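What follows is each chain in one-letter form.
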Amino acid sequence: MGERDDPGTIGRRVQRLRVEQGLTQRQLAEPVYTPAYISTLESGRVRPSDDALRHLAGRLGVAFDELATGRSARRVTELRLRLTEAQRVFAVGDAEAAAEQYAELLVEAETQGLAGEQAAALLGLGECALETGELVAGRQYFERAEACLAGAPLPARVPALRGRAVAHYLAGELRYAVYLLETTLDELNRGGLHDPDALLLLYASAIGPYMDMGAHARAAQAAEFALALAPQSGDPALVARMHRSVARTLVAEGRLAEADASLAKAAELYRGLQIRTELANCHWMRGYVYAQDGRLECAEGELREALGMLSAKRAALYSSQVAVELADVLHRRGKSDEAAALLHGVLDDLSPERGAVHSAAAHRLLGIIAEDARRTEDAEEHYVRALSLLERAGAAGDLADLCRLLGDLLRRTGRVEAALDAYRTGLGHRTAPGTTTLGPAPAQPPL
């Protein structure tokens, strides 16, 4: 039971329940207390004892804790049941419907003063916002969830920290995203807090920003750790469904403590279902490695697997990013028309604030395809758009490569001075201190 409310709040609650049930003060008091005591209690001038509250709760037909704190154990359990339902809806890919449920549940949790349930609803809203590309809103939800969990152990705060890092990454703030993820990983591993789900979320989320910063070795290591941790999470869907069904039965029978335990297991398993998005990142990483090794057919298979996993969750922004990588492989396999169609199809889902690096990559590849087709003006336009996006994101390695492409194009068309400027820009970014290096790697998990 939580802290009891003040006498005035309890008194008003007793009076409201008594009036709702049509009882007089005498009827509520008898046979143990007097009407005068009930009048004094309802006015907030006396602090009722536990025995008095138990008597009143019995007469009013409510639980002791509801009378003392305003929170019904049944209502709290039912709220948790609905939170797991929202998690299920999100896990199967309907982010918009899940967001509506989470928003309603957040209001209820706030009304009842339930910090843990508020955090769960805020995390859900944040994840839904990331899926639909509303990055500012998502980051704000995660920040609020962190505030609710301020006193909780670090593994419990990891989903909120990771969500905030991903929001910054998708907005093009690569270094800050890596800082958040690596700091948390280091604290977990050095502190012996080896929670598999927490570590998996963090390592898988670090792959994207590592790749975009040119830290390919660290990205490969993160993918290796994530794939090694994944089997410890298992496939939770069936077990989670079982726990939810059991919880409903237990609620109906009034066995609320047992129902809460079942719901806690279901909620944990549904959180595991969200890891599907993170595992898609691992397939993407494998596809990248295969592409770098020239194994283009294998790369295409891995990237199509990642795209299928993300599309099934309606993760539009993530899907767009993987589609850009897949288009690059298709182009290298001689399927330029299919690659261009794929790129034009995803550019509407990308912008400087939503996937800046991959938006730049799409324009870069469209420029190469246009250049191959001898459409020089189109190629230059795509390169220039990509250049402005990469400068904003600080993706130094990609920017240097793009400047080389633009410089070569300008040189071939006789604009030597402009070409030299492009080359100088690329060299400046390549050699700027700290642009292509990271600090020491975080401590490793015991796999």
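Parameters and conventions
- Residues numbered from 1 in each chain as written.
- Predicted model: local features only at pLDDT ≥ 70, side-chain atom pairs only at ≥ 80, totals over all residues.
- Heavy atoms only, no water.
- UniProt positions renumbered as here; feature names shortened; annotations may be inferred.
- Helix = DSSP H or I, 4+ residues; strand = E, 2+ residues; numbered from the N terminus.
- Buried < 20%, exposed > 50% of the residue type's maximum accessible area, 1.4 Å probe, protein only.
- Contact = heavy atoms within 4.5 Å.
- Areas by Shrake-Rupley, 256 points an atom, 1.4 Å probe, with all protein chains shown as cover.
- Core = buried A, V, L, I, M, F, W, Y, C linked by side-chain atoms within 4.5 Å.
- Axes fitted to C-alpha atoms, helices over the stretch in contact; angles between N-to-C directions.
- Parallel < 35°, antiparallel > 145°, perpendicular 65-115°, else oblique.
- Left-handed = near helix turned anticlockwise from the far one by under 90°.
- Nonpolar A, V, L, I, M, F, W, Y, C, P; charged D, E, K, R; others polar.
- Expected span 1.5 Å × (residues − 1).
- Salt bridge = Lys/Arg side-chain N within 4 Å of Asp/Glu carboxyl O.
- Patch = residues over 30% accessible without salt bridge, like charges linked within 9 Å, V, L, I, M, F, W, Y side chains within 5 Å.
- Lys, Arg positive; Asp, Glu negative; His and termini not counted.
- Charge placed at Lys NZ, Arg CZ, Asp CG, Glu CD.
- Bend = angle between axes of the 7 residues up to and from the residue.
- Phe/Tyr/Trp six-rings, centres within 6.5 Å; stacked < 30°, edge-to-face > 60°.
- Lys NZ or Arg CZ within 6 Å of the ring centre and 35° of its normal.
- Polar contact = N/O pair within 3.5 Å; in protein donor to acceptor, adjacent residues only side chain to side chain.

An unreviewed UniProt entry lists the protein under the name Tetratricopeptide (TPR) repeat protein, from Streptomyces africanus. Quoted verbatim from the Sequence similarities (unreviewed entry) field of the UniProt record, the comment on the protein reads "Belongs to the Rap family." As its UniProt record puts it under Subcellular location (unreviewed entry), the protein is described as follows: "Cytoplasm".

### Concerning the overall build of the protein
Scanning the protein from N- to C-terminus turns up 23 helices and 0 strands. Among the 447 residues that make up the protein, the fraction classed as buried is 50%. When contacts within the protein are restricted to residue pairs at least 6 apart in sequence, long-range pairs at least 24 apart make up 62% of them. Entry remark: accessible area of the protein is about 20,200 Å², with carbon and sulfur atoms responsible for 50%.

### What to know about the nonpolar core
Grouped together as the largest cluster of nonpolar side chains are 85 residues, with contacts concentrated most on Tyr102, Leu130, Tyr203 and Leu343. Ranked by residue count, the leading element in this core is helix α12 (residues 196-212), at 10 residues. Sequence-distant contacts of Leu343, defined by excluding residues within four places in its chain, comprise Val324, Ala327, Ala362, Leu365, Leu366 and Ile369. If you look at the next biggest cluster of nonpolar residues, it comprises 18 residues, including Ile368, Tyr383, Leu405 and Leu409.

### Quick word on the packing of helix α11 (residues 174-190) against α12
Look at α11 against α12: their axes get within 9 Å of each other, and the N-to-C directions meet at 150 degrees. Taken together, the axes of α11 and α12 are roughly antiparallel relative to one another. In terms of crossing hand, the pair formed by α11 and α12 is left-handed. Across the interface between the two elements, Leu174, Val178, Leu181, Glu182, Thr184, Leu185, Leu188 and Asn189 from α11 touch Ala198, Leu199, Leu202, Tyr203, Ser205, Ala206, Pro209, Tyr210 and Asp212 from α12. Classifying every residue of the contact of α11 with α12 gives 12 nonpolar, 3 polar and 2 charged.

### Side note on helix α7 (residues 95-112)
Here α7 is 18 residues long and its end C-alpha atoms lie 25 Å apart, about the 26 Å a rise of 1.5 Å per residue gives. In this structure, the buried residues of α7 make contact with α6 (73-91), α8 (115-132) and α9 (135-148). Taken from the residues just after α7, Gly113 is the one with a positive phi, measuring 65 degrees.

### Considerations on the pattern of salt bridges
Scanning all chains against the criterion turns up 24 salt bridges. Its salt-bridge partner being Glu143, residue Arg139 comes within 3.8 Å of it at the nearest N-O pair. Taken together, the residues span about one helical turn, with Arg139 and Glu143 both in helix α9 at a distance of 4 residues. Residue classification places Glu143 among the partly exposed residues on the basis of a relative accessible area of 36%.

### A closer look at a negative patch on the surface
A grouping of Glu96, Glu100, Glu104 and Glu134 is seen on the molecular surface, where their side chains present a negatively charged patch. Of note, Glu96 is situated in helix α7.

### What to know about unusual backbone geometry
The amide bond that connects Glu30 to the next residue, Pro31, takes the cis arrangement and shows omega of 5 degrees. Along the chain, Pro31 turns up in the loop between α2 (25-29) and α3 (35-42). If you check the backbone angles, Arg374 has positive phi at about 65 degrees while not being a glycine. Structurally, Arg374 is set in the loop between α20 (356-372) and α21 (376-393). Exposure remark for Arg374: the relative accessible area of 75% places this residue in the exposed category.

### Thoughts on helix α10 (residues 154-170)
Here α10 is 17 residues long and its end C-alpha atoms lie 24 Å apart, about the 24 Å a rise of 1.5 Å per residue gives. At Ala160, α10 shows its largest kink, close to 25 degrees. Judged by how many residues are buried, α10 sits mostly within the fold: 14 of 17 residues are covered.

### Overview of the environment of Arg18
Within the element layout of this structure, Arg18 appears in helix α1 (residues 7-20). Using a relative accessible area of 10% as the deciding quantity, one classes Arg18 as buried. For the pair Arg18 and Leu56, spaced 38 residues apart in sequence, the C-alpha to C-alpha distance is 9.5 Å. Look past the residues within four positions of Arg18 in its chain and what remains in contact with it is Leu23, Thr24, Gln25, Leu28, Glu42 and Leu60.

### Details of the packing of aromatic side chains
Applying the stated criterion to the full structure yields 3 aromatic pairs. Here Tyr176 and Tyr179 contribute two aromatic rings whose centre-to-centre distance is 6.0 Å and whose plane-to-plane angle is 25 degrees, an arrangement assigned as stacked. Of this pair, Tyr176 and Tyr179 both sit in helix α11, 3 residues apart, roughly one helical turn. Above the face of the Phe64 ring, Arg54 is positioned so that its terminal group lies 5.0 Å from the ring centre.

### Overview of the side chain of Glu302
On the secondary structure map, Glu302 appears in helix α17 (residues 296-312). Not counting residues up to four positions away in its chain, the partners in contact with Glu302 are His283, Arg286, Gly287 and Tyr290.

### Observations regarding the side chain of Arg164
Of note, Arg164 is situated in helix α10. Within polar-contact distance, the side chain of Arg164 engages the side chain of Tyr176 at 3.4 Å. Residues within four places of Arg164 in sequence aside, it is in contact with Arg139, Phe142, Glu143, Glu146, Tyr176 and Leu180.

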